[in-house]
Amino acid sequence: IGTLVHFLRVQQLDERTIVIAVSAHGETTSNWPIGHGVALTMEELRVPWILTSPKLLRAGEKFTGYTHHLDIAPTILTLLNIAAPDEWMGRNLFAASAPPRAFPIEIEQSSLAGVIDNGLLYSIDRKSGQDKLFQIAGDDLLAVTPLDANYRLIPAYRHRSSLYEPWAAWRHYTRAQATTNGAH
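All values derive from a computational prediction rather than experimental measurement.

A. Looking closely at the nonpolar core. Core analysis: the largest hydrophobic core is formed by 11 residues, namely Leu40, Met42, Leu45, Phe103, Ile105, Ile107, Leu112, Ile116, Leu121, Phe134 and Ile136. Going through the elements one at a time, helix 2 (42–45), strand 3 (103–107), strand 4 (112–117) and strand 6 (131–137) are the ones with two or more residues in this core. Of all the elements, strand 3 adds the most residues to this core, at 3 residues. If sequence neighbours within four positions are ignored, Leu45 has contacts with Leu40, Ile105, Ile116 and Leu121. Ranked by size, the runner-up nonpolar core spans 9 residues in total, among them Val115, Leu120, Ile124 and Tyr157.

B. Just the sheet that holds strand 6, in detail. Spatial strand order, 3-4-5-6-7: 5 strands in an open sheet with antiparallel pairing. What marks the edges here is a single partner per strand, and that holds for strand 3 and strand 7 (140–143). Shown here is a sheet whose adjacent strand axes are inclined to one another by a mean of 25°, direction ignored. Inspection of the sheet shows strand 6 paired to strand 7 by 4 bridges, in the antiparallel sense. The residue of strand 7 that forms the bridge with Phe134 is Ala143.

C. Looking closely at unusual backbone geometry. Look at Asn81: it is not a glycine, yet its phi comes out positive at around 60°. Counting through the fold element by element, Asn81 comes out in the loop between helix 3 (72–79) and strand 3. You will see that Asn118, though not glycine, has its phi angle at about 50°, which is positive. Its place among the elements puts Asn118 in the loop between strand 4 and strand 5 (120–125). Taking the relative accessible area as the measure of exposure, Asn118 reaches 55% and is therefore exposed.

D. Highlighting the side chain of Asp131. With respect to the element layout, Asp131 can be found in strand 6. A distance of 3.0 Å separates polar atoms of two side chains, one belonging to Asp131 and the other to Tyr122. In terms of polar contacts, Asp131 uses its side chain to reach the side chain of Arg158, at 2.6 Å.

E. Inspection of the environment of Ala73 at higher detail. Tracing the backbone shows Ala73 in helix 3. In the structure, Ala73 is positioned 17 residues away from Gly90 in sequence and 7.5 Å away in space, judged by C-alpha atoms.

F. Broad picture of the pattern of salt bridges. One pass over the structure, following the stated rule, counts 3 salt bridges. When the shortest N-O distance is used, the salt bridge between Arg160 and Asp117 registers 3.5 Å. Placement of the pair is Arg160 in helix 4 (residues 154–180) and Asp117 in strand 4, with a sequence separation of 43 residues. A relative accessible area of 15% places Asp117 in the buried class. The shortest N-O distance in the salt bridge between Asp131 and Arg158 comes to 2.6 Å. Of this pair, Asp131 sits in strand 6 while Arg158 sits in helix 4, and the two are 27 residues apart along the sequence. Here Arg158 falls in the partly exposed class, since its relative accessible area comes to 37%.

Cut-offs used in this document
Numbering of residues starts from 1 in every chain and runs along the sequence as written. Predicted model: local features are reported for residues with pLDDT of at least 70 only, side-chain atom pairs are reported and counted for 80 or more only, and whole-chain, interface and lining totals are derived from all residues. Computation of side-chain values: all heavy atoms of the structure, hydrogens and water removed. We define the nonpolar core as a collection of buried residues of types Ala, Val, Leu, Ile, Met, Phe, Trp, Tyr and Cys that are connected through side-chain atoms lying within 4.5 Å of one another. Three exposure classes are used, based on accessible area relative to the maximum for each residue type with a 1.4 Å probe and protein chains only: buried under 20%, partly exposed in between, and exposed over 50%. For helices the rule is a DSSP run of H or I covering at least 4 residues; for strands it is a run of E covering at least 2, with both sets numbered from the N terminus onward. Contacts between residues were defined by any pair of non-hydrogen atoms, one from each residue, lying within 4.5 Å. Two strands form a pair only when DSSP identifies at least two bridges running between them. The angle between two axes is taken between their N-to-C directions and runs from 0 to 180 degrees, where each axis is a line fitted to C-alpha atoms and a helix contributes only its stretch in contact. In protein, a polar contact means a hydrogen-donor-capable atom and an acceptor-capable atom, both N or O and within 3.5 Å, with residues adjacent in sequence counting only if both atoms are side-chain atoms; elsewhere, any N or O pair within 3.5 Å suffices. Basic side-chain nitrogens of Lys or Arg form a salt bridge, by our definition, when they fall within 4 Å of a carboxyl oxygen of Asp or Glu.

Right, here's the structure in full:
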């Protein structure tokens, strides 16, 4: 990224260029088991993306809410003064108010599923049926106990997660079929 930014400066393009760096989620390395798609950890839940443009954004401006890859395109279009199509599911993260929303999670390899919602992480092990609720606090997941007012949300999150499961299974199956049939 540094090489690209240097090139843009040398070519005097940095003031009129939007640079975006996006990645997939990380690998679990802080807890056992380690690897990809094996646990609901902050390494796997956080997806870094950086957007910079000296002319369009103030230095150090930061969005601290929960985002999704679906938010990238509407945010970019807004910066370019282009309206995003109504059917797009993403949000403009620089809007005066980017409404919070819940994100379903499905980790097929470990039978884990869940919901991220407004600073909470609900997880359920599909094999055992055991579910847990966590408060997301920076880089930590703090267990929510029955004494916490948020504990009452578990049945609603269990229901939301169950609605997402058939769609996730269909999505993985159709991707596998496309790969098997030679489509990529």
